[in-house]
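# A structural walkthrough
Now for the letters of each chain:
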Amino acid sequence: MLLSAVFITIVVRLSQAVEYLKLTDESLNSTDELSPGIFGTGQEPTEFAYLQRQPSITGVCDGVKQLVCDSCSTFRVCLGTVNGQDLTIACPTDQPYCNYGATTDYCSATPIPNICTDASQNAIFTCPAIGTFPDPTNCRIYHGCSSVGQTSSIYTCPTGYVFNAVLELCALENVFSRCVTLQCSGNFVGHVRYGQSLRFYGLCDGTGQAPIMYKCPNRANFAFIAGSTFGECSYLCPAQGNYPNSNDPATYFQCFWANRRLRYNLVHCPVGLTFNSRLQYCT
């Protein structure tokens, strides 16, 4: 009986380990073929404070232009002069900026001067969690966050390197570590996955601007909700107990058994306290 119990315990532990490996795998971005990750060069947030993307550069379908800019990165196909008859399309990645023209607006590799921010110079953002975040429009920089709600610090990758979602650092750009950018088209509202990453994702707010970046905490993966343009992070409990939330030290995951399944709640510590992993409660 003792040997049987030991054997069952080993099988359960192995199955949990396999599930964890499946959960934390970044799909096709295996680290086996990646060069070692390196840190980017830091720059003070104040250097980027003046760089702001314009909310809109919307043109008018007046019966003359075939295409009109809808934002810095999208254009509308004019099918008539009545509102609602036109179609919004995102500019391609090799020509990411919409530019004004005489008889038609067009996509270009160069942004409109003094109106649209160059993709190589991105504005800081308010940190939604602790850790590193990719920039949605420039794969050669990333953002660092040391506390929730602070402004991000920007780090620049060396020449030939891009941000890698698996390493969460800069990696040599190649077939295993590709440049990933995100773009919100037209008035789309919902989440978009960051490449093939299972942790990073963005939120499109319907303005056609670059998405707001988010990431799932450790031991959690992002997945779309069936029948919705939105998704959520699903946490995998290793066992019953309390576990830290890597995104926010002021919260923790409370794992418990219910209907023969491990389930969890996200618990917020009282104001001013953080979760203590050793003591298993807020201090």
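Residues numbered from 1 in each chain as written. Predicted model: local features only at pLDDT ≥ 70, side-chain atom pairs only at ≥ 80, totals over all residues. Heavy atoms only, no water.

Looking at an unreviewed UniProt entry, one finds the protein named Chitin-binding type-2 domain-containing protein, with Anopheles gambiae as its source organism.

## What to know about the sheet that holds strand E3 (residues 74-77)
The strand order E2-E3-E4 describes an open sheet built from three strands, whose pairing is antiparallel. The open sheet is flanked by strand E2 (67-69) and strand E4 (87-90), the only strands paired with a single partner. Taken over all neighbouring pairs, the strand axes of this sheet differ in orientation by 30° on average, direction set aside. Here four bridges tie E3 to E4, and the two strands are oriented antiparallel to one another. The residue of E4 that forms the bridge with Arg 76 is Thr 88. (Pairing = 2+ DSSP bridges. Helix = DSSP H or I, 4+ residues; strand = E, 2+ residues; numbered from the N terminus. Axes fitted to C-alpha atoms, helices over the stretch in contact; angles between N-to-C directions.)

## Here we look at the side chain of Thr 132
Turning to its location among the elements, Thr 132 is positioned in strand E7 (residues 131-134). A polar contact is formed between the side chain of Thr 132 and the side chain of Glu 168, at a distance of 3.0 Å. If we ignore the near neighbours within four places in the chain, the residues touching Thr 132 are Tyr 142, His 143, Phe 163, Glu 168, Phe 200 and Lys 215. (Polar contact = N/O pair within 3.5 Å; in protein donor to acceptor, adjacent residues only side chain to side chain. Contact = heavy atoms within 4.5 Å.)

## Some words on the packing of aromatic side chains
Evaluated as defined, the whole model comprises 13 aromatic pairs. Among the aromatic residues, those joined into a cluster by ring pairs are Phe 125, Phe 133, Tyr 142, Tyr 155, Phe 163, Tyr 194 and Phe 200. For the cation-ring pair, Lys 215 lies above Phe 133, with the distance from its terminal atom to the ring centre recorded as 5.5 Å. (Phe/Tyr/Trp six-rings, centres within 6.5 Å; stacked < 30°, edge-to-face > 60°. Lys NZ or Arg CZ within 6 Å of the ring centre and 35° of its normal.)

## A few points about unusual backbone geometry
The phi torsion at Arg 219 lies on the positive side, around 70°, for a residue other than glycine. Relative to the helices and strands, Arg 219 resides in the loop between strand E14 (212-215) and strand E15 (220-224). Of note in the backbone geometry, Gln 280 takes a positive phi value of approximately 70° without being a glycine. If you trace the backbone, Gln 280 turns up in the loop between strand E20 (275-276) and strand E21 (281-282). Residue classification places Gln 280 among the partly exposed positions, given a relative accessible area of 32%. (Buried < 20%, exposed > 50% of the residue type's maximum accessible area, 1.4 Å probe, protein only.)

## Remarks on the sheet that holds E14
An order of E12-E13-E14 is seen for the three strands of this open sheet, with the pairing classed as antiparallel. A strand with exactly one partner marks an edge of an open sheet, and here the two such strands are strand E12 (189-193) and E14. Going from strand to strand, the sheet's axes swing by 30° on average, the running direction of each strand aside. Across five bridges, E12 lies against strand E13 (residues 200-205) in antiparallel orientation. What sits directly across from Gly 190, in E13, is Cys 204.

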